[in-house]
Amino acid sequence: MEKIPEGPGLIVYYHGPVPIDYCYFIYNLYIQKRRVCYSVVDHFIAMLPGVEIYLNLLPALHSGREECVEILKKGNLLGVAPGGAREAFCSDENYNFLWGNRTGFAQVAIDAKVPIIPLFTQNIHEGFKALGKISFFRWFYECSRLAVVPIYGGFPVKLHTYIGDPILYDPNVTATELVEKTKTAIETLRDRHQKLPGSILRALLERFDKHQKDD
């Protein structure tokens, strides 16, 4: 947690099938540092019945770039997964990033003049599995943009979230360049801490490994 700045910052993370790792992260952030982290969520999730109360507790937002910039300018932390639902449902044990051409998060960081903090969780794809790579479910998601892809799992694998060095604000860096710097930073965390391709059995055994080092 020492890599989280005292002031505002944009936390960018890899989106697993179920972002339980990110939820644990923001809860621990509050427990350890008394910092509240706002979170950007998918519009579809925000529309689900009964979810609004939970999103208000996070707190979460889904209204657009301007609100994100305003949140950061007020000195808050904000978390976002550029891959969104597509990355959650259609990526796999190889942990490929599915960001497409998205640069909005980088533009938000530039407009708010805040650092980006990269985040990656080891074994998040072994805890839960999504069926988004099956052609029908991929087709349905791409056509409807509805986050209704079947997920199974809840395996008691060892999860370990790693925080990278902050990418400081640089007025000379464009949004496209900042996206690449952020992706490289998260890929570095992935390549350093995640054995590829991921394995449920190996991830289960890692729960009993007492020699893993903190970062």
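Structure first, text after, so check above.
Residues numbered from 1 in each chain as written. Predicted model: local features only at pLDDT ≥ 70, side-chain atom pairs only at ≥ 80, totals over all residues. Heavy atoms only, no water.

### With respect to the overall build of the protein chain
- Scanning the protein chain for helices and strands turns up 10 helices and 8 strands.
- Overall, the C-alpha framework of the protein chain stretches about 45 × 45 × 35 Å when taken along its three principal axes.
- For the protein chain, the proportion of its 215 residues judged to be buried stands at 47%.
- Sequence separation of 24 or more characterises 79% of the internal contacts of the protein chain that already satisfy a separation of 6 or more.
- Per element, the accessible surface of the protein chain, about 11,300 Å² overall, is 56% carbon and sulfur. (Helix = DSSP H or I, 4+ residues; strand = E, 2+ residues; numbered from the N terminus. Buried < 20%, exposed > 50% of the residue type's maximum accessible area, 1.4 Å probe, protein only. Contact = heavy atoms within 4.5 Å. Areas by Shrake-Rupley, 256 points an atom, 1.4 Å probe, with all protein chains shown as cover.)

### Quick look at the packing of helix 4 (residues 65-73) against helix 6 (residues 104-112)
- Contact geometry for helix 4 and helix 6: axes closest at 9 Å, N-to-C directions at 40°. Classified by the angle between their axes, helix 4 and helix 6 sit oblique to one another. In this structure, helix 4 meets helix 6 at a crossing whose hand is right-handed. Seen from helix 4, the contacting residues are Arg 65, Cys 68, Val 69, Leu 72 and Lys 73; seen from helix 6, they are Gly 104, Gln 107, Val 108, Asp 111 and Ala 112.
- When the residues that make up the contact of helix 4 with helix 6 are grouped by side-chain class, the tally is 5 nonpolar, 2 polar and 3 charged. (Axes fitted to C-alpha atoms, helices over the stretch in contact; angles between N-to-C directions. Parallel < 35°, antiparallel > 145°, perpendicular 65-115°, else oblique. Left-handed = near helix turned anticlockwise from the far one by under 90°. Nonpolar A, V, L, I, M, F, W, Y, C, P; charged D, E, K, R; others polar.)

### Quick notes on the sheet that holds strand 5 (residues 116-122)
- Taken in spatial order, the 6 strands make up an open sheet running 3-2-4-1-5-8, and their pairing is mixed. Edge positions in the sheet fall to strand 3 (60-61) and strand 8 (160-163), since each has one partner strand and no second.
- Across the sheet, helix 9 (residues 175-193) touches strand 1 (9-13), strand 5 and strand 8, and the angle it forms with strand 5 is around 30°. (Pairing = 2+ DSSP bridges.)

### A few points about the nonpolar core
- Core analysis: the biggest nonpolar cluster contains 31 residues, and Leu 10, Val 12, Leu 72, Trp 99, Phe 105, Ile 116 and Leu 178 have the highest contact counts within it.
- Only strand 1, helix 4, strand 4 (77-80), helix 6, strand 5 and helix 9 provide two or more residues apiece to this core.
- In terms of nonpolar packing, the next biggest core, distinct from the first, is built from 18 residues, Ile 4, Cys 37, Leu 55 and Leu 58 among them. (Core = buried A, V, L, I, M, F, W, Y, C linked by side-chain atoms within 4.5 Å.)

### Focus on a nonpolar patch on the surface
- Residues Tyr 24, Tyr 27 and Tyr 54 make up a contiguous nonpolar surface patch of about 320 Å² in total accessible area.
- In this structure, Tyr 24 sits in helix 1 (residues 20-33). (Patch = residues over 30% accessible without salt bridge, like charges linked within 9 Å, V, L, I, M, F, W, Y side chains within 5 Å. Salt bridge = Lys/Arg side-chain N within 4 Å of Asp/Glu carboxyl O.)

### Overview of helix 4
- The set of residues buried in helix 4 consists of Cys 68, Val 69, Ile 71 and Leu 72. Axial view of helix 4: buried residues confined to an arc of 160°, hence all on one face. Set apart from the buried face of helix 4 by more than 90 degrees, the exposed residues are Glu 66 and Lys 73.
- Buried positions along helix 4 lie against strand 1, strand 2 (37-40), strand 3, strand 4 and helix 6.
- A positive backbone phi angle near 95° is found at Gly 75, which sits one or two residues after helix 4. (Arc of directions from axis to C-beta.)

### Looking at the packing of helix 6 against helix 9
- Here helix 6 crosses helix 9 at 110°, and the two axes come no closer than 8 Å. Taken together, the axis directions place helix 6 and helix 9 in an arrangement best described as roughly perpendicular. For the pair helix 6 and helix 9, contact is made by Phe 105, Ala 106, Gln 107, Ala 109 and Ile 110 and by Ala 175, Leu 178, Val 179 and Thr 182, respectively.
- Partitioning the contact of helix 6 with helix 9 into residue classes produces 7 nonpolar, 2 polar and no charged.

### Digging into the environment of Lys 74
- With respect to the secondary-structure elements, Lys 74 resides in the loop between helix 4 and strand 4.
- Taking the C-alpha atoms as reference points, Lys 74 and Pro 8, separated by 66 residues in sequence, lie 7.7 Å from one another.

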